[in-house]
Every structure is written in C-alpha cells, then in structure tokens.
Amino acid sequence: EDSDGLIKHILLLMSSFSSSSRRAIKRLVRSSIGASFGGGLSRTGFGGFAAQIQRLRVGCGSSFSSDLPAAKRTISSTKTTLKSKENEDDERLQIEVPVKFIAHNIDSPPSQLVDTSKSEIIDMFTQAYQMRRLEIAADTLYKSKFIRGFCHLYDGQEAVVVGMEKALTHDDAVVTSYRDHCTHLGRGGTPLEVMAELMGRFDGASKGMGGSMHMYRREAHFFGGNGIVGAQTPIGAGLAFAYKYRKQANVAVAMYGDGAANQGQLFEAMNMAALWDLPIIYVCENNHYGMGTAIERSAKSPNYYKRGDYVPGLKVDGMDALAVKQAFKFSKEHCVSGKGPIVLEMDTYRYHGHSMSDPGSTYRTRDEITGIRQERDPVERLRKLINDLGLLDPTEVKAIEKAQRKIVDEAVAAAKASPEPTSDWLTKNMHVDTRNVRVRGVDAYASHPVV
C-alpha cells in the first residue's frame, strides 16, 4: 500500500474516532514525520510512520498508547461510533501513573492504572490552576499589607486536595491544619470566601474572624483549618466515630504535615481509631520541611506511611493528582468496609516558606525549589497530560487559565470591598450569658463590658 493510500485510509478510519484521538494522530504525523495530511510521505517517512502506527495500534476499537517522558500513559476506549461532545468528554480513559504505591501492612496495593475521563482531567487542571492563582494573589496581598498575621500558602501541594476530592463526596468529612486555603476550595468554597477571610472581611468563610488558619464550611463537612499543630488529628477520630455510630458509609479525613507527625496526640488518636476500627484516613502531607527543619533532622524514621505500625499505610506521589485520587479511592473502600483506619503519606512539596514570615530559602537552595518546579509541578503535569493526550487545543487551555485568573481577580476586588464584621459578632457564638461579663483592657485598671 502506498503512503498516500495509507493516509487516506487513516483519515477514513479517523471519522469514527473521538476528537482527542484524531488530534493525537495528527500531532504524531506533524511532529514525528513532518508531514501534513494534505500531502504524501517520503519513503523513509512512510516507514517510520508505519512503525509508529503499528505501535499506536490504531484500529476500529479506537485504542492507542504513547510513551510520555514521565510515564507510560495508556488510554483505552470502547467507543466505536462518533459520539456527541458530552459523551466524548465522559469517554473512559485509563492512565498508568508512573510512581508505584509503596504499601505497609497491605496485601494488595492500589492498581497503577487509574480510571478517569477527559472531563475529570480537565476539571483537575482547572481546579489546580485556580488554587495556584489564588495563592499567588494571597502572596501579593500579604506583601501589600491587605493580609496581616499568619498566612500559610499551599502552592506546590495542589494535587493532594484536587485528587482527594475526586475520590470523596461532601458527605465525607475533612479536617486539616492551618495550611487550609485550597482545602476550602476543594470542599466547594469560593475564592471570595478565602480572600475575604484572609483580609478579615465579613464575606469570608468564618465571617472574617478566623483568618488564614480557620477556613470552615460546615455544609460540606469541612471542619476547618486548625492553628494548633496536630490538634486536628483527634478531631478526625471523633468525626470517624460519629460515622460509625450512625452506621454511615462515609469516611473522615485528618490531614497533617510531616512536622506534626511526631505529635503525641496523633498516636493517641490513631491508637483509639485502630482499637475501634474507625473509618478514618490519616493523611501526612510530607512537604519535607517542618517549618525550617528538614525531615532528616526531625524524624528518626521519615517513613510516615509506616508510622501507624499496626495501621496499614501507603506512600503516594503527592504531586500526581491521579495517583492521589487512586490512593483515596482505595483508602475509602478500606475504611468503610470495616477494616479501620489507614495512613497515607503524600510525597509533596511547598514552594513558599512555612508561612509568609519565612523566606523559605535559608534552609534549602533555590536550585532545589527550581528543580521540583521543573520536574514535578502538579499543575504543569496536568497541563502536559492534557496536551499529550490531545484533550484540548492550546488555545482552549489558555482560555481556562484566563477564566480562572479573572475569577481570582474578581474575588480579590470583592473581598477588598467587603465590610469588616461588626462588633456584635464578637460574642455571637459564645454559649454563655455575657451581660455581666467585663473584658480586661490594656492595663490592670481598665475593663470594658462585653457588647
């Protein structure tokens, strides 16, 4: 068969393929062979192209696989006829994540093949990009003194929340540490709620009275950020106990950092959860530095997924949203089946310092940060996945980015315009009669009645 005939044959077959498959084949021809579909191929080019087509296994089943630099990504589809765009977006994809799960006290760890779809991958990228833009905006606002006090940013760790939420529902409970801006977004919160809370404004998630460390969304079972290191871990056990007591098929998630992994209250809560087989996932977000201390200097055993000892554990690539999703799906099934708690160690990284008062460059090199950005960045990995699979054109990706930047910019403007909470909100949630209570002033002789 001559080269022109092969091109025509492929074009005919492609009429029944999804648009993502068509784009992938076109890109292969243009980049690898250097030819357009309007012309023929040289004899040398024909041989290379035929070999590539054989490797891609193009056929009526519309299945193909391509080798990506970071990992082997396998895409499969049962579609044999042209589908509507809506159905095409929900077309089943299967991605093989590159970094293997490392298991502790688990006989059969999760599969490396993750079931997903075009729409899910695009949604993951959209959410991760919005989170990144929000944290960049928070950095700017803090430096401009619109945000004061404590402020802990999450940029670099977005894949943990994005992947987690694809395996949970809002009927599952989440409680986390003070690095909670993006967790609030993942639970369905808005950029305005985060930005207004950071600025102490009434439209914030906690009416402007909590600040950076105290996002909260009760309707989505998000029980907040917590300012005390490790304090959320026994709260998570209590949430899991409530699910078991009520016989609900849900799971509680308690997230903490590697710095909190040495806290005694974590081990006490984990012991109780194991004794009572509570449905809780303990998630150690290991960003490799507890404040300014590297894990090698703070932990005799930095294998945090094994810290539960008698509790099963998994180590997960926390920079890969699909790997995170797979780990949480596995863990939720483990917990709700009555097997008790599980520990997940998310191998991740934060780009900013511990908080905005920490430059983040005195205990690590700029080359280290740059290397992680270039090789493991969670947002860029999702962008590359979209491009490599041909899920969107570059112009469509740019449109998503532009839309998310606009959403964040509008949230910043609205937060600045939001009023501060009025003084009567100081005592709104106090469960005590405050009519005869006086508050001490700045010196021992001054006091003021509670409003």
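Scroll up for the structure.
Because the structure is a prediction, the values reported are computed rather than measured. (Residues numbered from 1 in each chain as written. Predicted model: local features only at pLDDT ≥ 70, side-chain atom pairs only at ≥ 80, totals over all residues. Heavy atoms only, no water.)

(A) Fine view of the overall build of the protein chain. Along the protein chain, the regular secondary structure elements total 15 helices and 14 strands. By residue count, 52% of the 451 residues in the protein chain fall in the buried class. Carbon together with sulfur atoms contributes 53% to the accessible area of the protein chain, which is approximately 21300 Å² in total. (Helix = DSSP H or I, 4+ residues; strand = E, 2+ residues; numbered from the N terminus. Buried < 20%, exposed > 50% of the residue type's maximum accessible area, 1.4 Å probe, protein only. Areas by Shrake-Rupley, 256 points an atom, 1.4 Å probe, with all protein chains shown as cover.)

(B) Examining the nonpolar core more closely. Counting residues in hydrophobic clusters, the biggest one holds 71 residues, and the most contacted among them are Met195, Val253, Ile281 and Phe328. When residues in this core are grouped by element, the largest group, 11 residues, is from helix 5 (residues 118-143). Core analysis: the second largest hydrophobic core is formed by 25 residues, Ala237, Tyr256, Ala261 and Cys284 among them. (Core = buried A, V, L, I, M, F, W, Y, C linked by side-chain atoms within 4.5 Å.)

(C) The arrangement of helix 14 (residues 378-388) in detail. Those residues of helix 14 lying buried are Pro378, Val379, Arg381, Leu382, Leu385, Ile386 and Asp388. Positive phi appears at Gly390, one or two residues downstream of helix 14, with a value of about 65°.

(D) Inspection of the environment of His352 at higher detail. Of note, His352 is situated in the loop between strand 12 (342-347) and helix 13 (366-376). Considering only alpha carbons, one finds His352 and Asp139, 213 residues apart in sequence, at a separation of 9.1 Å. The residues touching His352, leaving out its near neighbours within four places in the chain, are Asp139, Leu153, Asp155 and Arg364. At 2.8 Å, the side chain of His352 and the side chain of Asp139 are in polar contact. (Contact = heavy atoms within 4.5 Å. Polar contact = N/O pair within 3.5 Å; in protein donor to acceptor, adjacent residues only side chain to side chain.)

(E) Molecular detail of the sheet that holds strand 7 (residues 252-257). The 6 strands lie next to each other as 4-11-12-8-7-6, forming an open sheet whose pairing is mixed. The open sheet has two edge strands, strand 4 (102-104) and strand 6 (173-175), and neither has a second partner. Strand after strand, the sheet turns through a mean of 20° between neighbouring axes, direction not considered. Pairing between strand 7 and strand 8 (residues 280-286): 6 bridges, direction parallel. Within the sheet, the bridge partner assigned to Met255 lies in strand 8 and is Val283. Helix-sheet contacts for helix 6 (residues 158-165) involve strand 6, strand 7, strand 8 and strand 12, and the interaxial angle to strand 7 is about 175°. (Pairing = 2+ DSSP bridges. Axes fitted to C-alpha atoms, helices over the stretch in contact; angles between N-to-C directions.)

(F) Just unusual backbone geometry, in detail. Look at Lys145: it is not a glycine, yet its phi comes out positive at around 70°. Position of Lys145 among the secondary structure elements: in the loop between helix 5 and helix 6. The class of Lys145 is exposed, set by a relative accessible area of 56%.

(G) Representation of a nonpolar patch on the surface. Where nonpolar side chains cluster on the molecular surface, the patch consists of Phe241, Tyr245, Met272, Leu275 and Trp276 and spans about 590 Å² of accessible area. Those elements that place two or more of their residues in the nonpolar patch are helix 9 (232-246) and helix 10 (264-275). (Patch = residues over 30% accessible without salt bridge, like charges linked within 9 Å, V, L, I, M, F, W, Y side chains within 5 Å. Salt bridge = Lys/Arg side-chain N within 4 Å of Asp/Glu carboxyl O.)

(H) Just the packing of aromatic side chains, in detail. Tallying each qualifying case throughout the model produces 8 aromatic pairs. When the ring of Phe241 is compared with that of Tyr245, the centres are 6.0 Å apart and the planes differ by 25°; the resulting orientation is stacked. Of the two residues, Phe241 and Tyr245 are both situated in helix 9; the distance of 4 residues between them amounts to about one turn of the helix. Looking at Phe241, the relative accessible area reads 38%, which means it is partly exposed. With relative accessibility at 63%, the residue Tyr245 sits in the exposed group. (Phe/Tyr/Trp six-rings, centres within 6.5 Å; stacked < 30°, edge-to-face > 60°.)

(I) Here's a closer look at helix 13. Of all the positions in helix 13, only Ile369, Gly371, Ile372 and Arg376 are classed as buried. Projected down its long axis, helix 13 shows its buried positions confined to an angular sector of 160°, all on one face. Of the exposed residues in helix 13, the ones pointing more than 90 degrees away from its buried face are Arg366, Asp367 and Gln374. Buried-residue contacts for helix 13 involve strand 11 (313-317), strand 12 and helix 14. (Arc of directions from axis to C-beta.)

Function cannot be read off these values alone, since they describe shape.
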